[in-house]
Amino acid sequence: SSSSSSSSSKTRRRRGANAVLAKGGEGQIVVIGANGKTGKRCVKYAAENGWDVVAATRNGSFPSLTSDIKEEARGRVTTKQCSVTSSMAEITNAIDGAESVIFAASSSKDGGSPQEIDRDGCIKVARACLSSKSVKRYVVVTSGAVSKPYSPVYIFLNLFGGIMRAKIEGEDAVRALYYEREDDFYTIVRPGGLTEDPPRGVSACELNQGDDVSGSVSREDVAAVCVECLKRDDAKNATFELYYRDTGKPMAEVFASNANKETDGERQMGPRGRRGETWDELFAGLEADAPGIPQKGEGFSL
């Protein structure tokens, strides 16, 4: 993709709208970190909704294929070996021919540190996507509160090897890399507290922009959002938080409310919130990020 210094964020989002990718079933998705708790659900949701999917895993195996995915959808899944800590050639091979890539990898005791996975791995995959002739969309799963270093959520989670700092540095590198790329688009999804509960569906979800509200959300619905946003122009170059509408709280309060599993069915959303009965409605009106501008918050961070 060539660059052009005159493109605004709006024209950047509209361009490429007629590219190959589009409706479910067309275009291949590669899920990086497919053996992770969110990654395997991305593969499942995509395959069961008509997409061809590559499950990219560190060791090249994908046990969830036979245990979690409906039999009629298994033929849409192929598996490739891809460790984001290994060579660029391995990443390039994993995404070859795909239209979209979902980065659902995160640090683990076996896989690598937050700096190796959540920051450097995220950046390496972004570079591979931008070098690819086929990949047009790159979705990165990070975390709510990632730009708020004084929030209780950030302070607590960042104790685990500096993971929040690694995530926001990965995010900001993606924004910089995608600056003025006319036909390449990213989306950054910042889920709230992750649960293993069954999905509640689109009407239970709320999106927010500004990283000032969060809540909790099932990994199942995170996976659905990661796949569904690929079909929506409004999600191009956008960053948003994701949580259930009845769990949303200001960032300063959400750590305690999630711990206590608090809900409020009457809760009103803030000015930058999004709700919908359909995926189109949920994503409608999202604002693209200010092009290339970092969102890392000011403040002490490990």
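Residues numbered from 1 in each chain as written. Predicted model: local features only at pLDDT ≥ 70, side-chain atom pairs only at ≥ 80, totals over all residues. Heavy atoms only, no water.

*Asks:* Can you help me understand the overall build of the chain in this one?
*Replies:* When its secondary structure is counted, the chain shows ten helices and 13 strands. Looking at the chain as a whole, 51% of its 302 residues are labelled buried. Long-range contacts, defined here as pairs at least 24 residues apart, represent 75% of the contacts in the chain between residues at least 6 apart. Summing over all exposed atoms, the chain offers an accessible surface of approximately 12,800 Å²; the carbon and sulfur share of this is 49%. (Helix = DSSP H or I, 4+ residues; strand = E, 2+ residues; numbered from the N terminus. Buried < 20%, exposed > 50% of the residue type's maximum accessible area, 1.4 Å probe, protein only. Contact = heavy atoms within 4.5 Å. Areas by Shrake-Rupley, 256 points an atom, 1.4 Å probe, with all protein chains shown as cover.)

*Asks:* Sorry if this is basic, but what is going on with the pairing of strand 4 (residues 100-103) here?
*Replies:* The side chains of a regular strand alternate, first on one face of the sheet and then on the other. Alternating residues of strand 4 divide into S100 and I102 and V101 and F103, and every residue in both groups is buried. For strand 1 (residues 28-32) and strand 4, the ladder comprises four bridges, and the chain directions are parallel. Note that in strand 4 the partner of V30 across the bridge is V101. Sheet analysis places strand 4 next to strand 5 (residues 137-141), joined by four bridges and oriented parallel. Bridge assignment links F103 to a residue of strand 5, and that residue is V140. The parallel pair strand 4 and strand 5, bridged by helix 5 (residues 115-131), forms a crossover whose chirality is right-handed. (Pairing = 2+ DSSP bridges. Right-handed = clockwise from strand over helix to strand, strands pointing away.)

*Asks:* Sorry if this is basic, but what is going on with the confidence of the model for the chain here?
*Replies:* For residues with low pLDDT, the predicted coordinates do not support detailed interpretation. The predicted model of the chain averages 90 in pLDDT, with 90% of residues at 70 or higher. Predicted confidence is poor over residues 1-23, with pLDDT under 50, and the contacts of this stretch with residues over four places away or in other chains come to 54 contacts. (pLDDT = per-residue confidence, 0-100.)

*Asks:* Mind showing me how you'd approach the sheet that holds strand 2 (residues 52-57) here?
*Replies:* Strands in a sheet are paired, the pairing made by backbone hydrogen bonds, and the direction either parallel or antiparallel. Taken together, nine strands build an open sheet; the order of strands is 3-2-1-4-5-6-11-8-13 and the sheet is mixed. In the strand order of this sheet, the two ends are held by strand 3 (77-81) and strand 13 (273-274), each with one partner.

*Asks:* Looking at this structure, how should I read unusual backbone geometry?
*Replies:* What you tend to see is this: most non-glycine residues have negative phi, and most peptide bonds are trans. The phi dihedral of D211 is positive, around 60°, even though this residue is not glycine. For D211, the location among the structural elements is in the loop between strand 8 (205-208) and strand 9 (213-214). Even without glycine at this site, N237 takes up a positive phi of about 60°. Relative accessible area serves as the criterion here: at 0%, N237 is assigned to the buried category.

*Asks:* So what exactly am I meant to see when it comes to the packing of aromatic side chains here?
*Replies:* Note on aromatic pairs: each is described by the distance of the centres and the angle between the planes. Counted according to the given criterion, the structure contains six aromatic pairs. A centroid spacing of 5.3 Å and a plane angle of 50° characterise the contact between F156 and F255, whose relative ring orientation is tilted. Here the residue F156 occupies a position in helix 6 (residues 152-158), and F255 occupies one in helix 9 (residues 251-259), the gap between them amounting to 99 residues. Note on F156: relative accessible area 37%, which makes it partly exposed. F255 sits in the partly exposed class, given a relative accessible area of 36%. Centroid distance Y178 to Y186: 5.7 Å. Interplanar angle 75°. Geometry classified as edge-to-face. (Phe/Tyr/Trp six-rings, centres within 6.5 Å; stacked < 30°, edge-to-face > 60°.)

*Asks:* Would you take a moment to explain the pattern of salt bridges for this structure?
*Replies:* Between side chains of opposite charge, pairing is possible as soon as their charged atoms come close. Enumeration over the complete set of coordinates arrives at 25 salt bridges. One salt bridge connects R41 with E220, and the closest N-O pair in it is separated by 3.3 Å. Linking R41 in helix 2 (residues 39-48) with E220 in helix 8 (residues 219-228), this pair joins segments that are 179 residues apart in sequence. R41 sits in the buried class, given a relative accessible area of 12%. One salt bridge connects R267 with E206, and the closest N-O pair in it is separated by 2.9 Å. Taken together, the residues R267 in the loop between helix 9 and strand 13 and E206 in strand 8 connect sequence positions 61 residues apart. This pair shows no difference in class: R267 is buried, exactly as E206 is. Sharing partners across several salt bridges, the network here consists of E171, D172, R175, R190, D211, E241 and D289. (Salt bridge = Lys/Arg side-chain N within 4 Å of Asp/Glu carboxyl O.)

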